[in-house]
Amino acid sequence: MAGGDDLKLLGMWASPFVLRVKLALSLKGLSYEYVEEDLRDKSELLVKSNPVHKKVPVLIHNGKPVSESLIILQCIDEAFAGTGPSLLPADPYERAIARFWAAYIDDKMLPALNQSAMGKTEEERAEGKQQSLVTVETLEGALRDCGKGKPFFGGDSAGYVDVVLGGLLGWVRASDELHGVKPFDPERTPLLAAWSERFGALEAVEPVMPDVSRLVEFGKMLKARLAAPPAAGASN
Amino acid sequence: MAGAKKGLVLLDFWVSPFGQRCRIALAEKGIPYEYSEQELLGAKSDLLLRSNPVHKKIPVLLHDGRPVCESLVILNYLEEAFPDASPKLLPADDAYARAQARFWAAYSDKVYEVGTRLWKLKGEPQAQARAEIVQVLRNLDGELGERSFFGGEAFGFVDVALVPFVPWLPSYERYGEFSVEGIAPRLAAWARRCAERDSVAKSFHPPEKVDEFINLLKKTYGIE
């Protein structure tokens, strides 16, 4: 690790956005201090470091905070350009494509997956499921067309889009037990199914992934909380 | 790409603030391009559908025939694909400053997102949007502080990302029953300052036209 580079990651163990940052740091071989936040009782440091959103992840580099997972990933890539592999490709057009798919995952795929699980009505959840199918199949197409037979979105090695999607893998794996749905169904989306096995098995990835059974328990609790009315005095 | 049109073509729609981001950046950097007005409320062109099959939206920047979609992706692309074009909109060697710029550029999307809810919704959801837009503008005002631009002394990435929403503000003020001058005076001054720039003035449409367009959208969505 470069001398004088102090990295602190404020996170929450179940957050896919935090996982993305852990994956990036691991892939680049960077050491950091991890601080687990209780999101129902946010630390002063978190609120001070991300006053606008008060969310995790926040990466504090030499005392300077960066928020929003996609922005953190790009910042790590630029600040540690000489350390480990690059996340984004060098070519400007390829970078634009990578950024496009990262935006797609966050703006289209994630909300759909969220709605299919946490939608308030049966109807909302069904709509979410429909949308999820569409977005996942679009992503399968992206892996096929942009990937051109290579093992990762980033080509021969994992890159930006792999990390962005990889952050979701814990929940993707938990989804089968939680909702009876396989988001990356090997029948419908064989490339994505194969990709998730391959990515999950990477030396830098495997140790960082959250425990799936713990995610399942957490997911069950979230669903129960959604169904039950909030207790008097409980904070959000 | 064989037979592809050389140079830059911007598929855009006159009133789109996302398209304006691209027009302003291209103008600031003095990069020549062909502007191509797209039909959005009627049938979309083959070129648009082929260039952005995923979203079918503008803006799309075609560079030697290859499409780049999403306004902020396009802004980053212009920085990187035309390294000799000046000015640089993102700070050059400071990863942290670049991250801050990207953060606030992404945040500026909220002005449009919340603003849209202001005119689309009624009752409680509209009231919520009202409170939110005031908060968003206050946050932006706070971030700007006493500086001339979000980029510091120079017009930069965040300024380009945010300024296209300025002609929409009078409409939002009306629907939201607030005044930008009242809640975010520094931002109001910044808006006036930016409007003096050639690149901005040339791409802007008067707020009355924007308001007319909102009315057209309301009709299209069947909103009273």
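Remember, predicted model here, so these are calculated numbers, not experimental data.

Peer 1: In this structure, what is going on with unusual backbone geometry? I would like to understand it.
Peer 2: Backbone geometry follows two general trends: most residues other than glycine have a negative phi, and most peptide bonds adopt the trans configuration. Residues and elements named next belong to chain B. The omega torsion across Ile58 and Pro59 is 0°, close enough to zero to call that bond cis. By secondary structure assignment, the location of Pro59 is in the loop between α2 (46-51) and β3 (60-63). In this structure, Pro87 follows Ser86 across a cis peptide bond, with omega equal to 5°. Relative to the assigned elements, Pro87 resides in the loop between α3 (71-81) and α4 (95-120). Backbone geometry places Asp64, a non-glycine residue, at a positive phi of 50°. Tracing the backbone through its elements, the reader meets Asp64 in the loop between β3 and β4 (66-69). Look at Asp64 and you get partly exposed, because its relative accessible area is 28%.

Peer 1: Would you explain the sheet that holds β3(B) in this entry?
Peer 2: By definition, the strands of a sheet pair up through backbone hydrogen bonds, in either a parallel or an antiparallel sense. Residues and elements named next belong to chain B. With mixed pairing, the four strands of this open sheet are ordered in space as β2-β1-β3-β4. Single-partner strands in this sheet number two, and they are β2 (34-37) and β4. In this sheet, adjacent strand axes meet at a mean angle of 25° when their direction is disregarded. As paired elements, β3 and β4 share four bridges and run antiparallel to each other. Each bridged residue has a counterpart across the sheet, and for Leu62 the counterpart in β4 is Pro67.

Peer 1: Could you clarify how one ought to interpret the sheet that holds strand β1 (residues 7-11) of chain A in this entry?
Peer 2: All names here are of chain A. The mixed open sheet is built from four strands, whose spatial order is β2-β1-β3-β4. If you trace the sheet from one side to the other, it starts and ends with β2 (33-36) and β4 (64-67), each paired once. On average, adjacent strands in this sheet sit at an angle of 20° to one another, irrespective of strand direction. In the sheet, β1 pairs with β2 via four bridges, with the strands oriented parallel. Counted as the bridge partner of Gly11 is Glu36 from β2. Against the sheet, helix α1 (residues 16-27) makes contact with β1, β2 and β3 (58-61), and its axis sits at roughly 155° relative to β1, the strand it touches most.

Peer 1: Which parts of the structure should I look at to understand the environment of Ser199(B)?
Peer 2: Residue and element names in this part refer to chain B. Relative to the helices and strands, Ser199 is located in helix α10 (residues 198-203). Here the alpha-carbon distance between Ser199 and Lys29, two residues 170 residues apart in the chain, equals 9.5 Å. The contacts of Ser199, once residues within four sequence positions are left out, are Ile24, Ala27 and Glu28. In this structure the side chain of Ser199 is engaged in a polar contact, spanning 2.5 Å, whose partner is the side chain of Glu28.

Peer 1: Would you take a moment to explain the side chain of Arg98(B) for this structure?
Peer 2: Checked against the element boundaries, Arg98(B) lands in helix α4. The exposure class of Arg98(B) is buried, given its relative accessible area of 14%. In this structure, Arg98(B) is in contact with Glu78(A), Leu90(B), Pro91(B) and Ala92(B), ignoring residues within four places of it in sequence.

Peer 1: Any chance you could explain the confidence of the model for chain B here in plain terms?
Peer 2: Parts of the prediction with low pLDDT should not have their coordinates interpreted in detail. On average, residues of chain B score 96 in pLDDT, and 99% of them reach the 70 mark or higher. At the level of chain-chain contacts, confidence expressed as ipTM amounts to 0.95, with global pTM at 0.94.

Peer 1: Mind showing me how you'd approach the packing of helix α5 (residues 123-144) of chain B against helix α9 (residues 185-195) of chain B here?
Peer 2: For any two helices packed against each other, one specifies the crossing angle of their axes together with the interaxial distance. All names here are of chain B. Two elements in contact, α5 and α9, have axes whose closest approach is 8 Å; the angle formed by their N-to-C orientations is 75°. Relative to α9, α5 is oriented roughly perpendicular. Packed against α5, whose contacting residues are Leu137, Leu140, Asp141, Gly142 and Leu144, the element α9 presents Pro185, Arg186, Leu187 and Trp190 at the interface. By residue class, the composition of the contact of α5 with α9 is six nonpolar, one polar and two charged.

Peer 1: What is the right way to read α5(B) from this model?
Peer 2: Quick reminder: α-helices carry 3.6 residues per turn. Residues three or four places apart thus point the same way. All names here are of chain B. Counted at 1.5 Å a residue, the expected span for α5 with its 22 residues is 32 Å, and the 32 Å between its end C-alpha atoms agrees. Those residues of α5 that sit buried are Gln126, Ala129, Ile133, Val134, Val136, Leu137, Asn139, Leu140, Asp141 and Leu144. Along its buried surface, α5 packs onto α4, α6 (157-162), α7 (169-176), α8 (180-183) and α9. The first or second residue beyond α5 is Gly145, which carries a positive phi of 60°.

Peer 1: Explain the interface of chain B and chain A to me, please; I cannot follow it from the model alone.
Peer 2: Many structure descriptions define interface size as the accessible area lost when the parts assemble. At the junction of the two partners, chain B supplies 24 residues and chain A supplies 24 residues. Considering only the side of chain B, the residues that lose the most area to chain A are Glu80(B), Tyr96(B) and Phe103(B), jointly responsible for 27% of the buried surface there. Connecting chain B to chain A are six residue pairs in polar contact (both at pLDDT 80 or more). Looking at the side of chain B that touches chain A, the elements that each hand over two or more residues are β4, α3 and α4 of chain B. For the side of chain B that touches chain A, the leading source of residues is α4(B), giving 10 residues. Per-class residue counts for the side of chain B that touches chain A are 13 nonpolar, five polar and six charged.

Criteria and cut-off values
- Residues numbered from 1 in each chain as written.
- Chains lettered and ligands numbered in written order.
- Predicted model: local features only at pLDDT ≥ 70, side-chain atom pairs only at ≥ 80, totals over all residues.
- Heavy atoms only, no water.
- Helix = DSSP H or I, 4+ residues; strand = E, 2+ residues; numbered from the N terminus.
- Buried < 20%, exposed > 50% of the residue type's maximum accessible area, 1.4 Å probe, protein only.
- Pairing = 2+ DSSP bridges.
- Axes fitted to C-alpha atoms, helices over the stretch in contact; angles between N-to-C directions.
- Contact = heavy atoms within 4.5 Å.
- Polar contact = N/O pair within 3.5 Å; in protein donor to acceptor, adjacent residues only side chain to side chain.
- pLDDT = per-residue confidence, 0-100.
- Parallel < 35°, antiparallel > 145°, perpendicular 65-115°, else oblique.
- Nonpolar A, V, L, I, M, F, W, Y, C, P; charged D, E, K, R; others polar.
- Expected span 1.5 Å × (residues − 1).
- Buried area = accessible area lost by both parts, 1.4 Å probe.

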